[in-house]
Structures are given as C-alpha cells and as structure tokens.
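Examination of the molecular architecture
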Amino acid sequence: MSVKIRLNTASATHVVLAKVGNPQREEPLETSKEVFPISEEDQPSLTAIFLKPFKNLMAHRFTHHSSLDQHEMNTCVKAIFETKDGLYQRGVEIAKRLYSKSNHPNIKAGDLCIAHIKEAQVEGEFVQGLCILKSESVVPFLSISTKDGDLQISTEQGINPDKIDKGCLILDYWSKKGYYVLTFDRSGSDSRFWVRDFLGVEAVPDAAFLTNAYTKMAVEFLEEEKPADDTPPWETCNAARGALEYFEEREKFDLQEFEDEVLKTPEAKTKFHEQRARLEEEQGQPLETSFEISKKDVSKAKKRISAVLKLDTGVEIHVKSTLSTENEPVLERGYDDNKGMKYIKVFFNKDLSANPV
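A short tour of the structure in this document, coming up. (Residues numbered from 1 in each chain as written. Predicted model: local features only at pLDDT ≥ 70, side-chain atom pairs only at ≥ 80, totals over all residues. Heavy atoms only, no water.)

Points about the pairing of strand β7 (residues 125–135)
Within a regular strand, the side chains alternate between the two sheet faces. Of all eleven residues making up β7, nine are buried, and the element is well covered by its neighbours. Pairing geometry for strand β6 (residues 110–122) and β7, over ten bridges, is antiparallel. Bridging from a neighbouring strand, Q121 pairs with F126 of β7. Where β6 folds back onto β7 in an antiparallel hairpin, the turn is made up of two residues, including E123, whose phi is positive at roughly 55°. Examined bridge by bridge, β7 and strand β10 (residues 166–171) share six bridges and lie antiparallel to one another. What sits directly across from L133, in β10, is G167. (Buried < 20%, exposed > 50% of the residue type's maximum accessible area, 1.4 Å probe, protein only. Helix = DSSP H or I, 4+ residues; strand = E, 2+ residues; numbered from the N terminus. Pairing = 2+ DSSP bridges.)

Some details on the pairing of β10
With six of its six residues buried, β10 lies for the most part within the structure. Pairing between β10 and strand β11 (residues 180–185): six bridges, direction antiparallel. Pairing of L171 across the sheet is with Y180, part of β11.

A few points about the packing of helix α2 (residues 72–82) against helix α3 (residues 87–100)
It is the contact of α2 with α3, at a shortest axis distance of 9 Å, that shows an interaxial angle of 160°. The angle between the axes of α2 and α3 places the two elements in the roughly antiparallel class. Crossing of α2 over α3 shows left-handed handedness. Counting all contacts with α2, which are made through E72, M73, T75, C76, A79 and I80, the residues of α3 involved are L87, R90, E93, I94 and R97. For the contact of α2 with α3, the residue count by class is six nonpolar, one polar and four charged. (Axes fitted to C-alpha atoms, helices over the stretch in contact; angles between N-to-C directions. Parallel < 35°, antiparallel > 145°, perpendicular 65-115°, else oblique. Left-handed = near helix turned anticlockwise from the far one by under 90°. Contact = heavy atoms within 4.5 Å. Nonpolar A, V, L, I, M, F, W, Y, C, P; charged D, E, K, R; others polar.)

Some points on the nonpolar core
Counting residues in each nonpolar core, the largest one holds 29 residues, and the members touching the most others are F62, I94, L112, L130, I132, I170 and W194. When residues of this core are traced back to their parent elements, those giving at least two are β2 (11–20), α2, α3, β6, β7, β10 and α4 (192–199). Once you skip the residues sitting within four places of it in the chain, I170 turns out to touch F62, V77, F81, Q128, G129, L130, I132, Y179, Y180 and V181. Grouped together as the second largest cluster of nonpolar side chains are 27 residues, A218, F221, F247 and A301 included. (Core = buried A, V, L, I, M, F, W, Y, C linked by side-chain atoms within 4.5 Å.)

Overview of the environment of K4
Relative to the assigned elements, K4 resides in the segment before β1 (5–6). For K4, a relative accessible area of 60% gives the class exposed. For K4 and E123, which are 119 residues apart along the polypeptide, the C-alpha to C-alpha distance reads 5.2 Å.

Description of the packing of α3 against α4
Packing of α3 against α4 leaves a shortest axis separation of 10 Å and a crossing angle of 125°. Looking at the two axes, α3 sits oblique to α4. α3 and α4 meet at a crossing whose hand is right-handed. Residues I94, R97 and L98 of α3 pack against F193, W194, D197 and F198 of α4. Per-class residue counts for the contact of α3 with α4 are five nonpolar, no polar and two charged.

Some details on the packing of aromatic side chains
Ring pairs (aromatic) are described by centroid distance and by the angle formed between their planes. Going through the model one piece at a time under the given rule, you end up with 17 aromatic pairs. Summarising the aromatic geometry, the rings of F62 and Y179 are spaced 6.5 Å apart at their centres and angled 85° between planes, so their arrangement reads as edge-to-face. In this pair, F62 is assigned in strand β5 (residues 59–62) and Y179 in the loop between β10 and β11, connecting sequence segments 117 residues apart. Overall, Y179 belongs to the buried group, its relative accessible area being 3%. Grouped by ring-pair contacts, the aromatic residues Y214, Y246, F247, F253, F258, F272 and F291 constitute a single cluster. The ring of F184 has R186 sitting right over it, with the charged end atom 4.5 Å from the ring centre. (Phe/Tyr/Trp six-rings, centres within 6.5 Å; stacked < 30°, edge-to-face > 60°. Lys NZ or Arg CZ within 6 Å of the ring centre and 35° of its normal.)

Points about the state of the cysteines
In total, this model carries zero disulfides according to the counting rule given. No disulfide involves C113; its sulfur sits 8.2 Å from that of C131, the nearest cysteine. Here C113 falls in the buried class, since its relative accessible area comes to 17%. C168 supplies the cysteine sulfur nearest to C131, a cysteine that is in no disulfide, at a spacing of 7.2 Å. By relative accessible area, which is 1% here, C131 ends up buried. (Disulfide = S-S within 2.5 Å.)

If you want it as structure tokens, here you go:
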C-alpha cells in the first residue's frame, strides 16, 4: 500500500546542530549547547532546503529483531514526538549514536542538522516529523557587502544545499510499526552504515519497493546473461525492454509466471533465484513473490535502460534504449582486414552535440 505524503505545508521550527567526526581518526564530536529556534522569516527557505531531498523516495521503517522498545533511534524519535522539550536531549543522543557508528576509515566527518518539522501531511492528516541531514563537504561562496560607503567582496565556506550527502525524514505515522522513514545516501560509500548501522531501518515492502526491486533485478540479470560473442549491447537492451513489458501488461506480479514467460530455461531460473537471494540478504528481509505492480515505477525502470559499448581503444558508445526499435539500423559492425581490427560504422543526419567538430 502506497502512502500519500505532502510536504508543501510543512515547516522546520527548531534544530539541534552538531559536528560529527570519525573517532578512529580521533576527530571529536561537537554539539550545540541548546536548541536553535528557526525564525518565521527563515522558516520557508530553510524548510525548502531541509525537505527538498525527500521527494520520490521509498519508504522505510525502524526494525529490531526483538522489540522496537529496544531500538535506540525509535526510542529517541518517540520521545521527541511526545514532547518538544525532548528535542535537545534526544538530538544530542542521536548525534552521539552517529558518532559511535562512524568508526570506519571511509566515513567522513561532517555537519549534522536535526530539525523538528511541523504540519507535514500523511494521508490527509497533519503530522510532525524529524529531519536529520549530514553534509560531509563545504564549498566556497562569494559574499558582496557594503562597508564605509563602498562595496567589497569576500569568500566564505558553507554547505551546498544540493550536495547534502545523507539524510532521513521520520514522520509521526505508523508509530507502532517503526514510523514512516524516508532516507537517502548520496556519498557513494556503503549505504549500510547510514541505513542499517545508524538508522536501523528496513524498506517497507510495498508495491513501489517490490516493483522497483524486481524490475531492477530483471534488467541487471539480462545484462549479466548477455552472450560473450559479438552480440551488440543494444540487443541486450532490447531484451531488457521485453522483460519490462511483462510488468507493463499486468496489474499483478507472479514470480512463477514471470519465470515461465521471461526467463524460460531452468538455468536462467536458478541464477535468478540466486540473485534474488542476494538481494534478500542485502535488504535483511524476504521479497514477496506476488504483489500489485506500481506502473509509475515500471516507467522509471524503462528510463534507466541503456546500452554502453566500451572498446579497448578508449572509445565508449552510449546507446539509447529506443535504438533497438528503429526500423532502419543506424549502427553497422564489421572487420577491416588491412588494420586487422573490428569497427562500428555510425549513420546519422545531423550532429546534435553542443560543439560539433
């Protein structure tokens, strides 16, 4: 079941700040000495910065092998939602938890914002939320100001709102199920640190999550199974599009039916089972074998299909998925006897690059 969320009515009201180092490198943890109230005039701009990253993210929830009462993050969030007076104490506890989990050598130090959010909408009801953002880099920016009747320019270091590395938005919804959590990690590091070690969340196995998981597996599987000969990569791209047609043509996914109609051979079915088992281990939960298909996520999967031909001469050819549906081929492969090398001939009408040669 998909949950309808609207954040355009939400406002960030108070924030706890911290600088979180890496204890393995003997970098300290610094926290603000009190809650920082956000003025009404600053609320619109700061709220937009805080909540911008949380569009179109999959839902997660806190999880614990024994009981949610034993889950540190769930306990902190619950206390904050029960009384605003708990924001500072629990915010510092959250910063300390992140610091204790940041002992891998690849984890960078960063600035942490823990903001209380009011009046977000979930299923048409106003709820409060907690936004946690970590930025691991600062960028220089210019400031022009007036001094002694003249203009002067200076540079300062600050956080780029579009480059925030990690974040989560916890909404006061599904409190007995582990809350409704949206999260991201753009740093390129192992997301298990942020998602599992620090937050301790698992993906909610709804239609969006399952559709995305199975379409991604299907495309990756077909790319891995492409022949080792000179089969053009756009033909593999076409096979991936064919697999996604299964999702487009049906309202409900059935694993057995998918295997019989798309994978077909026993060998392919066995390898797909192994791939599914690896994903289940990574997610920490089993995947349903029957579910309602999310058409929106099928459309997203189609846009991700592409073919890349990497050549040993340093040349890469990126092929759009629509190429495989063209009536007339625009790529031609061959072999040059004089050079003793293979070649690809490209046909086109017009050079659409920004700076044609």
